[in-house]
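Analysis of the macromolecular model
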Amino acid sequence: MVINVLFIGNSHTYLHYMPQMLVKLAGAADRGFTLQADQITGEGASLQWHWNNSPTREKIRSRQWDFVVLQDRSGGPLEELESFRSHARLLDGEIRRQGAQTVFYMTWANKSRPGNQKTLADAYGQTAAELGAGLAPVGQAWEKARALDDELNLYHIDDRHANPTGAYLTACVFYAFFFNTSPEGLPATLQIEGKIRLDLAEDRAAFLQRIAFETVTNLEVGMRNK
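Rules and cut-offs
- Residues numbered from 1 in each chain as written.
- Predicted model: local features only at pLDDT ≥ 70, side-chain atom pairs only at ≥ 80, totals over all residues.
- Heavy atoms only, no water.
- Buried < 20%, exposed > 50% of the residue type's maximum accessible area, 1.4 Å probe, protein only.
- Helix = DSSP H or I, 4+ residues; strand = E, 2+ residues; numbered from the N terminus.
- Pairing = 2+ DSSP bridges.
- Right-handed = clockwise from strand over helix to strand, strands pointing away.
- Salt bridge = Lys/Arg side-chain N within 4 Å of Asp/Glu carboxyl O.

A few words now on the pairing of strand 4 (residues 101–105). For strand 4, the buried fraction is high: four of the five residues fall into the buried class. As paired strands, strand 3 (residues 67–70) and strand 4 are joined by four bridges and run parallel to one another. Bridged to Leu70 within strand 4 is Phe104. Pairing geometry for strand 4 and strand 5 (residues 134–136), over three bridges, is parallel. Along strand 5, the bridge assignment pairs Val103 with Gly134. Once you follow strand 4 into helix 7 (residues 116–131) and on to strand 5, the crossover reads as right-handed.

A full pass over the atoms with the stated rule returns 13 salt bridges. The shortest N-O distance in the salt bridge between Glu79 and Arg73 comes to 2.8 Å. Glu79 gets classed as exposed once you look at its relative accessible area, which sits at 57%. The shortest N-O distance in the salt bridge between Asp158 and Arg160 comes to 4.0 Å. Classification of Asp158 as partly exposed rests on a relative accessible area of 31%. In this structure, a network of salt bridges that share partners links the residues Arg61, Glu94 and Arg97.

Here is the structure:
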């Protein structure tokens, strides 16, 4: 199984090599999975910015993607919900014209504002349901992991972005979503561009892998039961 994925977003996508982590995980086990990923990002970029950015639209049209992942700036659905929704629709239309499936990348709440997670989940979930798009429930996986292990740190020093552990959990969610299988048993150490970018204890990696799969599976069950 080979899939081609385009990530459209900002630093919540590219920081700590998250797409490259996903590629490494997909190719790490003899499961018959291969993932090729590309990305187009901007610092603090919103979906509105990407819609108005001609290189983004050109990138969507540049090849036959299987999935195109949309990630708004972290405050977008909280502060400019209508802009988030309207530009999600516009980008989804462009993606569909290319024969690809849109996937929304639900981000996580800032560390100091955990109550925002429900608003983010509702915004991404409702928009994905309206458009018949996919939803990668990254923010909910973060929320669940932190609830089960209060010593777990997924955040960068700014308490907004992911640290390498957070990026790994994010990549595991996408793995579970794209391949409909658990990432459990995949490597806890990842080398990217000649350097070790992640080196987790095996039990910590297994915990994150399990949370990722459970979150994706539970979301799918919930959506089917609606």
